[in-house]
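Chain by chain, the residues run as shown.
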Amino acid sequence: MTLIVDNVSASIGGQSILAEVSLTVTSGSIVALTGRSGSGKSTLLRIIAGLLLPTSGSISWNDTPLTEVPTHQRQIGLVFQDRLLFPHLDVARNIAFGLRYTDIEPTRRTSELLSLVGLEGYEQRAVHTLSGGEAQRVALARAIAPRPRMLLLDEPLGALDIDTRRSLTSLLRQLLQAESMTALHVTHDPHEATQVADQVITMESLTGAP
């Protein structure tokens, strides 16, 4: 599946956020979006996920317009800077949460992903006991568990200290490659972008924000 963004524009509250943005993300590739605050990186991810409608332009999987696909059927995984783990569920149940409506066997899949993110033996850990880096590993595993068509990452490492961020940068690329995951990764860090992605796209700001 190839994601095609064609001349997409968007406005929020009458203010233009995106202006005629076009890009293509081929199946299995990792694309990083960089640029100043206000350039619309996160807005573009929200439009692709179906959380916001564009004012013009189109987004499609090959020849299928995404605007005709309900948000919950787009098979898109999301990872944010805030991990948003479920506090009442342990690590294993957090990861398996999205598998309830799939044919994927949850115990095996959870064990497989914990191994990939370096958290073997953490199945029954309470999420409030995890470090920031460990929690983000769980969030990544949870998003990837249902094998989405595409993973959208919005500054997933931005809230971590520099050492943890560097170690997770390498892990993130390894994880995406191991899963043959198509991904669009937003980051302000040029080093992170080049280390994670196959292609880096810089978006220009429309607001003049630094």
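Quick caveat, the model's predicted, so the values are computed rather than measured.

Attention now moves to the overall build of the chain. Per the secondary structure count, the chain includes six helices and nine strands. Here the C-alpha radius of gyration of the chain, 17 Å, is about what a compact globule of 210 residues would show, namely 17 Å. Principal-axis analysis of the C-alpha atoms places the extent of the chain at approximately 50 × 40 × 30 Å. Looking at the chain as a whole, 48% of its 210 residues are labelled buried. Counting only contacts in the chain whose residues sit at least 6 apart along the sequence, the fraction spanning at least 24 positions is 73%. With the model as given, the accessible surface of the chain reaches about 10,200 Å², and the carbon-plus-sulfur share is 48%. Computed over 17 positive and 21 negative side-chain charges, the separation of the two mean positions in the chain equals 3 Å.

Moving on: the sheet that holds strand β5 (residues 64-65). The strand order across the open sheet formed by four strands is β2-β1-β4-β5, and the pairing between neighbours is antiparallel. If you trace the sheet from one side to the other, it starts and ends with β2 (15-25) and β5, each paired once. Pairing geometry for strand β1 (residues 3-12) and strand β4 (residues 56-61), over five bridges, is antiparallel. Each bridged residue has a counterpart across the sheet, and for isoleucine 4 the counterpart in β4 is serine 60.

This part covers helix α1 (residues 41-49). Think of an α-helix as turning once every 3.6 residues; residues three or four places apart then point the same way. Among the nine residues in α1, seven count as buried, and that is most of the element. Burial in α1 covers these residues: Lys41, Thr43, Leu44, Leu45, Ile47, Ile48 and Ala49. Glycine 50, located one to two residues past α1, shows a positive phi value of around 95°.

Here we take up a nonpolar patch on the surface. A contiguous nonpolar surface patch, about 350 Å² in accessible area, is contributed by Leu51, Leu78, Phe80 and Leu84. Among the secondary structure elements, leucine 51 is positioned in the loop between α1 and β4.

A word on the confidence of the model for the chain. Residues of the chain with pLDDT of at least 70 account for 98%, and the chain-wide mean is 92. The least confident element of the chain, judged by mean pLDDT, is β5 at 91; the most confident is helix α2 (residues 91-96) at 97.

On to the pairing of β2. Judged from the seven bridges that link them, β1 and β2 form a sheet pairing that is antiparallel. Paired with isoleucine 12 across the bridge in β2 is glutamine 15. In sequence, β1 turns back onto β2 through a hairpin of two residues, with glycine 13 there showing a positive phi of about 60°.

With that out of the way, let us pick up the environment of alanine 141. Tracing the sequence through the fold places alanine 141 in helix α4 (residues 132-144). We classify alanine 141 as buried; its relative accessible area is 0%. Separated by 24 residues in sequence, alanine 141 and valine 117 have C-alpha atoms that sit 7.2 Å apart. Here alanine 141 is in contact with Ile95, Leu113 and Val117, once residues within four sequence places are set aside.

Each aromatic ring pair is summarised here by two numbers: the centre-to-centre distance and the angle between the ring planes. All chains considered together, the criterion is met by one aromatic pair. In this structure, arginine 100 packs its charged tip against the face of phenylalanine 97, placed 3.9 Å from the ring centre. For arginine 142, the ring lying beneath its charged end belongs to phenylalanine 86, and the centroid distance is 4.9 Å.

Turning to the pairing of strand β3 (residues 30-35), a few remarks are in order. Here is the key point about a regular strand: its side chains alternate between the two faces of the sheet. Burial of β3 is extensive: six of the six residues sit out of reach of the surface. The alternating pattern of β3 places Ile30, Ala32 and Thr34 and Val31, Leu33 and Gly35 on opposite faces, both of which are buried. Here β3 runs beside strand β8 (residues 183-186); their pairing, made up of four bridges, is parallel. Paired with isoleucine 30 across the strands is alanine 183, a residue of β8. Judged from the five bridges that link them, β3 and strand β9 (residues 199-203) form a sheet pairing that is parallel. Bridge assignment links leucine 33 to a residue of β9, and that residue is isoleucine 201.

Considering all chains together, one arrives at nine salt bridges under this definition. The salt bridge partner of aspartate 90 is arginine 93, with a shortest N-O separation of 3.6 Å. You can call aspartate 90 buried: its relative accessible area is 17%. For arginine 93, a relative accessible area of 46% translates into the label partly exposed. Two residues, arginine 166 and aspartate 189, come together in a salt bridge whose shortest N-O distance is 3.1 Å. Of the two residues, arginine 166 is situated in helix α5 (residues 162-178) and aspartate 189 in the loop between β8 and α6 (190-196); the sequence distance between them amounts to 23 residues. Salt bridges here are not isolated pairs; linked through shared partners, they connect Glu155, Arg165, Arg166, Asp189 and Glu192.

What counts, and where the lines are drawn
- Residues numbered from 1 in each chain as written.
- Predicted model: local features only at pLDDT ≥ 70, side-chain atom pairs only at ≥ 80, totals over all residues.
- Heavy atoms only, no water.
- Helix = DSSP H or I, 4+ residues; strand = E, 2+ residues; numbered from the N terminus.
- Rg over C-alpha atoms; globule rule 2.2 N^0.38 Å.
- Buried < 20%, exposed > 50% of the residue type's maximum accessible area, 1.4 Å probe, protein only.
- Contact = heavy atoms within 4.5 Å.
- Areas by Shrake-Rupley, 256 points an atom, 1.4 Å probe, with all protein chains shown as cover.
- Lys, Arg positive; Asp, Glu negative; His and termini not counted.
- Charge placed at Lys NZ, Arg CZ, Asp CG, Glu CD.
- Pairing = 2+ DSSP bridges.
- Patch = residues over 30% accessible without salt bridge, like charges linked within 9 Å, V, L, I, M, F, W, Y side chains within 5 Å.
- Salt bridge = Lys/Arg side-chain N within 4 Å of Asp/Glu carboxyl O.
- pLDDT = per-residue confidence, 0-100.
- Phe/Tyr/Trp six-rings, centres within 6.5 Å; stacked < 30°, edge-to-face > 60°.
- Lys NZ or Arg CZ within 6 Å of the ring centre and 35° of its normal.

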